[in-house]
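Residue-level listing of the chains:
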Amino acid sequence: MGMTNSSFKGDYILVGFSDQPELEKTLFVIVLFSYLLTLVGNTVIIVISSIDPKLKTPMYFFLTHLSLVDICFTTSIVPQLLWNLRGPAKTITPLGCAVQLYVSLSSGSTECVLLAVMAFDRYAAVCKPLHYSAVMNPRLCQALAGVAWLCGMGNALIQGTITLRLPHCGHQRLYHFFCEVPSMIKLACVDIHANEVQLFVASLVLLLLPLSLILMSYGYIGKAVIRTGSVQAWHKALGTCGSHLMVVSLFYGTVTAVYIQPNSSYAHTQGKFLSLFYTVVTPTLNPLIYTLRNKDVKGALKRLFNRNLSL
């Protein structure tokens, strides 16, 4: 890999995809393109949701937070990944690794809870349409968004701090492309059984509990639509919930495959590509899904474009 022990003393070595050097140039182009799309797409959603009066609704309030989370999440990982893919050095400083660990863990945990909050919003929109404005009032929306961020930051502070305090005894080779709890606890030179149990419990709480709430919300939505027996109601429900369902499927499908599995199989080639999908591809697709499937967002973009042309 073009590195010596003396050149990067104290730095972590991110093995990443260096065992497949023929892929690194291709991955560099794909990751760079995806990252630029992520920044542009999510920034556009934040801007139009902030300035367009027709998007001043709970759904777009939460979508703004989701876009901000995706920007934070990818920015904590992708620049370092691009640097390592581009050159022979595959290292990250201890400080850089700690920052990456805290920010990515906080953002990822926040997204898990935020997607559950958005499912509750869709439940209120479909099942309580006459009381929607009263139920999803601004104060409740701000509180729910705050809870999502606090859960993410709290999980990062607890898990991140415990992980960083583990003794490594000189082990600095991470078999992953970023600093993540499952790969970092493998560096420890002490018994990590308690840490693995803690990681599994945290995964159950922050992955399966929000996912259960999402499924419950959509169960009530499906029950309400079936009760009406109307094809039009089905189309309306799909129009209201389709984008969120696609985002949930993409995110949870890959994250649960990585975290809810036997630890011995973690971070092999398949695990790294699954991680690449939810850290790079999913944040890129989220704004495209909400833009292409949503008439309100497309209408807001047209109004913004026409306003700029008239200036």
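The shown structure was predicted, so the numbers you read here are calculated from the model rather than taken from an experiment.

Colleague: Could you give me a rundown of the overall build of the chain, with the residues and numbers involved?
Modeller: Looking only at helices and strands, the chain has ten helices and three strands in total. Put simply, the chain runs from its N terminus to its C terminus through helices and strands in the order β-α-α-β-α-α-α-β-α-α-α-α-α. For the C-alpha atoms alone, the extent of the chain along its principal axes is close to 65 × 50 × 35 Å. Of all 311 residues assigned to the chain, the portion counted as buried reaches 49%. Pairs at least 24 residues apart make up 78% of the contacts formed inside the chain by residues separated by at least 6 positions. When the accessible area of the chain is evaluated, it comes to approximately 15,300 Å², of which 69% is carbon and sulfur surface. For the chain, the distance from the average site of its 22 positive side-chain charges to the average site of its 12 negative ones is 12 Å.

Colleague: Now, about the packing of aromatic side chains: what can you tell me, with residues and values included?
Modeller: A full pass over the atoms with the stated rule returns eight aromatic pairs. Each ring, one from Phe61 and one from Phe62, has its centre 5.5 Å from the other, and the planes form 65°; the classification is edge-to-face. Exposure remark for Phe62: the relative accessible area of 0% places this residue in the buried category. Each residue in the set Phe17, Phe177, Phe178 and Phe273 is aromatic and connected to the rest through ring pairs, giving one cluster. Taking the ring centre of Phe28 as reference, the NZ or CZ of Arg86 above it sits at 5.9 Å.

Colleague: With reference to specific residues and values, describe the nonpolar core.
Modeller: Counting residues in each nonpolar core, the largest one holds 77 residues, and the members touching the most others are Leu115 and Tyr252. Discounting chain neighbours no more than four positions away, the residues touching Leu115 are Leu66, Ile214, His244, Val247, Val248, Phe251 and Tyr252.

Colleague: Kindly report on empty space enclosed by the protein, identifying the contributing residues and their values.
Modeller: Within the structure shown, the criterion is met by four cavities of 30 Å³ or more. The calculated volume of the largest cavity comes to roughly 270 Å³. In terms of lining residues, the largest cavity is bounded by 22 residues, among which Leu105, Gly108, Ser109, Glu180 and Tyr259 are the most central. The set of elements that each furnish at least two residues to the lining of the largest cavity consists of helix H3 (94-127), helix H5 (138-164), helix H7 (193-228) and helix H8 (231-259). Sorting elements by how many residues they give to the lining of the largest cavity places H3 first, with six residues. Among the residues forming the lining of the largest cavity, the class breakdown is 15 nonpolar, six polar and one charged.

Colleague: Any details on the packing of H7 against H8? Residues and values, ideally.
Modeller: The N-to-C vectors of H7 and H8 enclose an angle of 160°; their axes lie 11 Å apart at closest approach. If you check the angle between H7 and H8, you find them roughly antiparallel. The two elements H7 and H8 cross, and the hand of that crossing is left-handed. Taking contact as the criterion, the partners of Leu199, Ser203, Leu206, Leu207, Pro210, Leu211, Ile214, Tyr218, Ile221, Val225, Ile226 and Thr228 in H7 are, on H8, Ala233, Trp234, Ala237, Cys241, His244, Leu245, Val248, Tyr252, Val255 and Tyr259. In terms of residue class, the contact of H7 with H8 is built from 19 nonpolar, three polar and no charged.

Colleague: Can you lay out the layout of surface pockets for me, pointing to particular residues and giving the numbers?
Modeller: Taken as a whole, the largest pocket holds about 710 Å³ of empty space. Lining the largest pocket are 24 residues; nearest its centre among them are Arg122, Lys236, Ala237, Gly239 and Thr240. If you list the elements that add at least two residues to the lining of the largest pocket, you get helix H2 (58-86), H3, H7, H8 and helix H10 (295-310). Residue classes in the lining of the largest pocket are distributed as eleven nonpolar, eight polar and five charged. Taken as a whole, the second largest pocket spans an internal volume of roughly 280 Å³. Taken together, 15 residues line the second largest pocket, and the ones lying closest to its centre are Val113, Ala116, Val117, Pro210 and Leu213. When residues of the lining of the second largest pocket are traced back to their parent elements, those giving at least two are H3, H5 and H7.

What counts as what
Residues numbered from 1 in each chain as written. Predicted model: local features only at pLDDT ≥ 70, side-chain atom pairs only at ≥ 80, totals over all residues. Heavy atoms only, no water. Helix = DSSP H or I, 4+ residues; strand = E, 2+ residues; numbered from the N terminus. Buried < 20%, exposed > 50% of the residue type's maximum accessible area, 1.4 Å probe, protein only. Contact = heavy atoms within 4.5 Å. Areas by Shrake-Rupley, 256 points an atom, 1.4 Å probe, with all protein chains shown as cover. Lys, Arg positive; Asp, Glu negative; His and termini not counted. Charge placed at Lys NZ, Arg CZ, Asp CG, Glu CD. Phe/Tyr/Trp six-rings, centres within 6.5 Å; stacked < 30°, edge-to-face > 60°. Lys NZ or Arg CZ within 6 Å of the ring centre and 35° of its normal. Core = buried A, V, L, I, M, F, W, Y, C linked by side-chain atoms within 4.5 Å. 1 Å grid on protein atoms, 1.4 Å probe; cavity = no way out; pocket = protein on both sides within 12 Å on 5 of 7 lines; lining within 4 Å. Points joined across faces, edges and corners; volume = space filled by probe spheres on them. Nonpolar A, V, L, I, M, F, W, Y, C, P; charged D, E, K, R; others polar. Axes fitted to C-alpha atoms, helices over the stretch in contact; angles between N-to-C directions. Parallel < 35°, antiparallel > 145°, perpendicular 65-115°, else oblique. Left-handed = near helix turned anticlockwise from the far one by under 90°.

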